Amino acid sequence: MRRQRLQLPAVQQRQHALLVCKNLSRLRPFQKARRIALYLAANGELDPTPIAKLCRRTRRQLYLPLLHPFSHGRLFFCAWQEHALLQPNRFGILEPCCRGNSRKPLRSLDLILVPLVAFDASAQRIGMGGGFYDRTLGKARRESCWKRPYLIGIAHEMQKVATITPQPWDVQLDAVVTEAGVYWGKF
Ligand SMILES: Nc1ncnc2c1ncn2[C@@H]1O[C@H](COP(=O)(O)OP(=O)(O)O)[C@@H](O)[C@H]1O
Ligand SMILES: [Mg+2]
């Protein structure tokens, strides 16, 4: 799937990115969200750039994930100001330089846009295999009586597979949005 995703022509990549932005912008959880975390696309991942531009135009605060410095295998989220300096982490993925006060606890985010490698029609997700999002979001999910961010996967329709059997640690997404439509999670 990762190889196929990487082989998508640039024209299609751009087209999908715009259509996902359009489909997402019609959803209530997106319209209501003021603090939105997304990611910088790599390896053919659906590019959230049009979404980031829309968010900045509509004055929402954006956040990016960073590798947690102490808690192994976890991410944390930091405010992403436009034109901020970014630096590569140990996987070569760019991150903002995070100062203490721009770091945000999970519960204060309204929406997290999650990258994925494959998904199914009930919004089950397979990631890159590191379990980073599962570890980071699992706690928020378990404490579901508390306020937690809405979780939406964004992807190319070609990343859809017939069924994904979730593992006990896999975090269920609320929805997956592609250029072709929206898939809602089962709860
Ligand atoms: N909440 C968690 N606590 C401990 N280990 C976890 C947790 N979530 C995932 N893992 C570990 O991370 C590994 C990768 O998770 P997996 O779901 O396969 O990756 P991905 O979600 O990136 O596809 C698993 O072997 C699992 O043991
Ligand atoms: Mg997983």
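Whatever comes next refers back to the structure up there.
Residues numbered from 1 in each chain as written. Chains lettered and ligands numbered in written order. Predicted model: local features only at pLDDT ≥ 70, side-chain atom pairs only at ≥ 80, totals over all residues.

### Considering the site of ligand 1
Stage number 1. Around ligand 1, the surrounding shell consists of Ile126, Gly127, Met128, Gly129, Gly130, Gly131, Asp134, Arg135, Gly138, Gln167, Trp169 and Asp170.
Stage number 2. In terms of residue count, the dominant contributor to the shell around ligand 1 is helix H5 (residues 132-142) (three residues).
Stage number 3. Per-class residue counts for the shell around ligand 1 are three nonpolar, six polar and three charged. (Near = placed C-beta within 6 Å. Helix = DSSP H or I, 4+ residues; strand = E, 2+ residues; numbered from the N terminus. Nonpolar A, V, L, I, M, F, W, Y, C, P; charged D, E, K, R; others polar.)

### Some points on the sheet that holds strand E12 (residues 182-184)
Stage number 1. Read across the sheet, eight strands follow the order E6-E3-E2-E1-E7-E10-E11-E12 without closing on themselves; strand pairing throughout is mixed. Taken across any chain shown, the strands that pair with only one partner, and hence form the sheet edges, are strand E6 (103-104) and E12.
Stage number 2. In terms of strand pairing, strand E2 (residues 61-67) meets strand E3 (residues 75-79) through five bridges, oriented antiparallel. Within the sheet, the bridge partner assigned to Pro65 lies in E3 and is Phe77. (Pairing = 2+ DSSP bridges.)

### Focus: the pairing of E2
Stage number 1. Direction of pairing for strand E1 (residues 35-37) relative to E2: parallel, over a ladder of three bridges. Across the sheet, residue Arg35 finds its bridge partner in E2, namely Gln61.
Stage number 2. Once you follow E1 into helix H4 (residues 49-57) and on to E2, the crossover reads as right-handed. (Right-handed = clockwise from strand over helix to strand, strands pointing away.)

### Focus on the environment of Pro166
Stage number 1. Tracing the sequence through the fold places Pro166 in the loop between strand E10 (150-154) and strand E11 (175-177).
Stage number 2. By C-beta crowding, Pro166 is classed as partly exposed, having 15 other C-beta atoms within 10 Å.
Stage number 3. For Pro166 and Ile126, which are 40 residues apart along the polypeptide, the C-alpha to C-alpha distance reads 8.6 Å. (Buried ≥ 20, exposed ≤ 12 C-beta atoms within 10 Å, placed from the backbone.)

### Remarks on the pairing of strand E7 (residues 111-114)
Stage number 1. Here E7 shows two buried faces, one formed by Leu111 and Leu113 and the other by Ile112 and Val114.
Stage number 2. The pairing of E1 with E7 spans two bridges and is parallel. Note on E7: the bridge partner recorded for Ala37 is Ile112.
Stage number 3. The pairing of E7 with E10 spans four bridges and is parallel. What sits directly across from Val114, in E10, is Gly153.

### A closer look at the environment of Thr178
Stage number 1. One can find Thr178 in the loop between E11 and E12.
Stage number 2. Spatially, the C-alpha atom of Thr178 lies 24 Å from that of Gly138, the residues being 40 residues apart in sequence.
Stage number 3. Contacts of Thr178, omitting those with residues within four sequence positions, involve Val20, Ala155, His156 and Glu157. (Contact = placed C-beta atoms within 7 Å.)

### Here we look at helix H2 (residues 10-25)
Stage number 1. With 16 residues, H2 should reach 22 Å at 1.5 Å per residue; the first-to-last C-alpha distance of 23 Å fits that figure.
Stage number 2. The set of residues buried in H2 consists of His16, Ala17, Val20, Cys21 and Leu24. Take H2 and look down its axis: the buried residues cluster within an arc of 135°, on one side only.
Stage number 3. Here the buried face of H2 lies against helix H3 (28-32), H4, E10 and E11. (Expected span 1.5 Å × (residues − 1). Arc of directions from axis to C-beta.)

### Considering the nonpolar core
Stage number 1. Judged by nonpolar contacts, the single largest core of 39 residues is most densely connected at Ile36, Ala37, Tyr63 and Leu113.
Stage number 2. With sequence-adjacent residues up to four places away left out, Tyr63 is seen in contact with Arg35, Ile36, Ala37, Phe77, Cys78, Ala79, Trp80, Lys104 and Leu109. (Core = buried A, V, L, I, M, F, W, Y, C linked by C-beta atoms within 7 Å.)

Any functional reading would require information that these geometric values do not contain.
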